[in-house]
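Coordinates in review
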Amino acid sequence: MKRKDALALDRVDPFAKKRKLFKLPKGKIYLDGNSLGVLPKASIVRVKHLVEVEWGQDLITSWNKHGWWNLPQVIGDKIAKLVGAPPNSVAVADTISVNLFKVLSAAVALRPQRSVVLSDSGNFPSDLYVAQGLSQFMDGKVELKIVEPKQIINAISDEVAVVMLTETDYRSAYRHDMQAITAKAHCVGALIIWDLAHSAGAVPIDLMACDADFAVGCTYKYLNGGPGAQAFLFVNPRLQPSAVPALVGWWGHVKPFAFSTDFEPADGVRRFQSGTQGMINMVALDAAMDAWKGVSMERLYSKAVKQCAMFTELVEQQCGEFGVTLYGNRDFHQRGSHVCLQHEQAYAVIQALISRGVVGDFRTPNLMRFGFTPLYTSYVDVFDAAQHLYEVLSKRLWNRKKFSNKQSVT
Ligand SMILES: *Cc1c(COP(=O)(O)O)cnc(C)c1O
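Residues numbered from 1 in each chain as written. Predicted model: local features only at pLDDT ≥ 70, side-chain atom pairs only at ≥ 80, totals over all residues. Heavy atoms only, no water.

1. A few points about the overall build of the protein
When you go through the protein residue by residue, the secondary structure sums to 12 helices and 15 strands. Its C-alpha atoms give the protein a radius of gyration of 22 Å, within 12% of the compact-globule value 22 Å for 410 residues. Principal-axis analysis of the C-alpha atoms places the extent of the protein at approximately 65 × 55 × 40 Å. Within the protein, buried positions represent 55% of all 410 residues. Expressed as a percentage of contacts within the protein between residues at least 6 apart in sequence, the contacts between residues at least 24 apart total 74%. Averaging the coordinates of the 46 positive side-chain charges in the protein and doing the same for the 38 negative ones gives two points 8 Å apart. (Helix = DSSP H or I, 4+ residues; strand = E, 2+ residues; numbered from the N terminus. Rg over C-alpha atoms; globule rule 2.2 N^0.38 Å. Buried < 20%, exposed > 50% of the residue type's maximum accessible area, 1.4 Å probe, protein only. Contact = heavy atoms within 4.5 Å. Lys, Arg positive; Asp, Glu negative; His and termini not counted. Charge placed at Lys NZ, Arg CZ, Asp CG, Glu CD.)

In structure tokens form, the structure reads like this:
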């Protein structure tokens, strides 16, 4: 493939006009939208309005006047459309870790006779920590059991209260079979929680088609909500009357402004909100969701599949001799929207790339991760990034002391 072939693909790309909705830094090829999505131009306007008018002038009246109070549900309904969830089943609040605690505590309470929370070794560590914390808090009444990703389906037995998995692996990009695993969990009477951190806005997800019980997900990755933007959670309407989290608060009370001394859960997913949310993040996210108007997740995913395959092919052709290998699944139709490469000097190579304006990230011990976000990643970006990687490796440009100083965030 030549650079002009990549340019030709960009000319007929149906998502090319979406790229204009984002403030892409000049001279950079940004392949880290799977960790922190880029800034949507609409969010700049919206946050400015919030600060100057809503907070600056209207102050407390903004909770009603500018719809702050209902934003968690309003944005929840926008996210719901991207993950196959019905209206009033998704709320936006807190972080994934906190939301996972909420849905996991609600799920184990619905299966009081069972003692196992089942997860896999590919799961994001924070998810496992949350389950360990809950287990300790419950005096070991439930225990976290961790198996290899491919063993999950066979490990789902009738001792399992809850299966808790991340749909797309944050390193290998391996995707679990949501339909089959959810069906197996239900078949033995267990509940399931899906973490969609690397799936929402990246791959087609249909929570209702597979009848998932609960889900959590991120908004600052593929949904471009901004650093620390609130996470989301989904509760299947079938479980909404019975599921109650261990962590509740006044935002989830049926009548928050009655200020009663006793907690009485609100109907629906709203009971999973605990307290006041940061509105600066919230409005930035609300505006960011505009970019998804008219987007078909199937078409978006097919662009991601093409970009992942193209990058891998270019890297393997040019860089194989420099010790780079693909980490994880090669079947691009069965994986998420990022590519992970292994290299002995992964950290230094990523730093050298960043110094040239190509931004990816490092994951321990030797992984280089590149995220493809088809709303704003062009085919030329993909081509050029592979060229930069070739230069860094073939000329050993990574071999400088400053590139191996580890910073706190990698
Ligand atoms: C990014 C990510 C998280 C982040 O959790 P927070 O509590 O929101 O920081 C959780 N789970 C997975 C799988 C992730 O990729």
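2. Regarding the site of the ligand
All residues adjacent to the ligand are Thr-95, Ile-96, Ser-97, Phe-124, Asp-127, Thr-166, Asp-195, Ala-197, His-198, Tyr-220 and Lys-221. A distance of 3.2 Å is found between a nitrogen atom of the ligand and a side-chain nitrogen or oxygen belonging to Asp-127. Within the complex, 88% of the 390 Å² of free accessible area of the ligand lies under protein. A molecule is said to occupy a pocket when more than half its atoms come within 2 Å of that pocket's grid points, and by this definition the ligand occupies the largest pocket. Across the shell around the ligand, the residue classes tally to four nonpolar, four polar and three charged. (Near = heavy atom within 4 Å. Polar contact = N/O pair within 3.5 Å; in protein donor to acceptor, adjacent residues only side chain to side chain. Areas by Shrake-Rupley, 256 points an atom, 1.4 Å probe, with all protein chains shown as cover. 1 Å grid on protein atoms, 1.4 Å probe; cavity = no way out; pocket = protein on both sides within 12 Å on 5 of 7 lines; lining within 4 Å. Sits in = over half its atoms within 2 Å of the grid points. Nonpolar A, V, L, I, M, F, W, Y, C, P; charged D, E, K, R; others polar.)

3. Description of empty space enclosed by the protein
A full pass over the atoms with the stated rule returns two cavities of 30 Å³ or more. Looking at the largest cavity, the residues that line it are Asp-120, Gly-122, Asn-123, Pro-149, Thr-166, Glu-167, Asp-169, Tyr-174 and His-176. Class assignment of the residues belonging to the lining of the largest cavity gives a composition of two nonpolar, four polar and three charged. Every residue lining the second largest cavity is listed: Gly-201, Tyr-222, Asn-224, Trp-292, Leu-300, Thr-373, Pro-374, Leu-375 and Tyr-376. Of the residues belonging to the lining of the second largest cavity, the class tally is six nonpolar, three polar and no charged. (Points joined across faces, edges and corners; volume = space filled by probe spheres on them.)

4. Observations concerning the nonpolar core
Counting 98 residues, the largest nonpolar core has Leu-207, Phe-311 and Leu-341 as its most contacted members. Considering each element in turn, this core owes the most residues, 11 residues, to helix H10 (residues 297–319). Counting contributing residues per domain, this core is built from domain 1 (3–30 + 296–404) and domain 2 (47–292), each supplying no fewer than three. Sequence-distant contacts of Leu-207, that is, excluding residues within four places in its chain, are made with Val-83, Gly-84, Ala-85, Met-178, Leu-196, Ala-212, Ala-215 and Phe-234. Counting residues in hydrophobic clusters, the runner-up holds 31 residues, among them Val-117, Leu-128, Leu-191 and Leu-239. (Core = buried A, V, L, I, M, F, W, Y, C linked by side-chain atoms within 4.5 Å. Domains from an automatic or database assignment.)

5. Some points on the confidence of the model for the protein
Averaged over every residue, the pLDDT of the protein is 97; the share at 70 or more is 100%. Here strand E14 (residues 361–363) stands out as the element of the protein with the lowest mean pLDDT, 95, in contrast to strand E9 (residues 214–217), whose mean of 99 is the highest. (pLDDT = per-residue confidence, 0-100.)

6. Details of the domain arrangement of the protein
Interface size is commonly expressed as the accessible surface area that is lost when the partners come together. Domain parsing of the protein yields domain 1 (3–30 + 296–404) and domain 2 (47–292). Taken together, the contacts link 24 residues of domain 1 with 18 residues of domain 2. Taken together, both faces of the contact between domain 1 and domain 2 bury some 1700 Å²; the carbon and sulfur share is 64%. Between domain 1 and domain 2 we count zero salt bridges in total. Viewed at the interface, domain 2 and domain 1 are joined by seven residue pairs in polar contact (both at pLDDT 80 or more). (Buried area = accessible area lost by both parts, 1.4 Å probe. Salt bridge = Lys/Arg side-chain N within 4 Å of Asp/Glu carboxyl O.)

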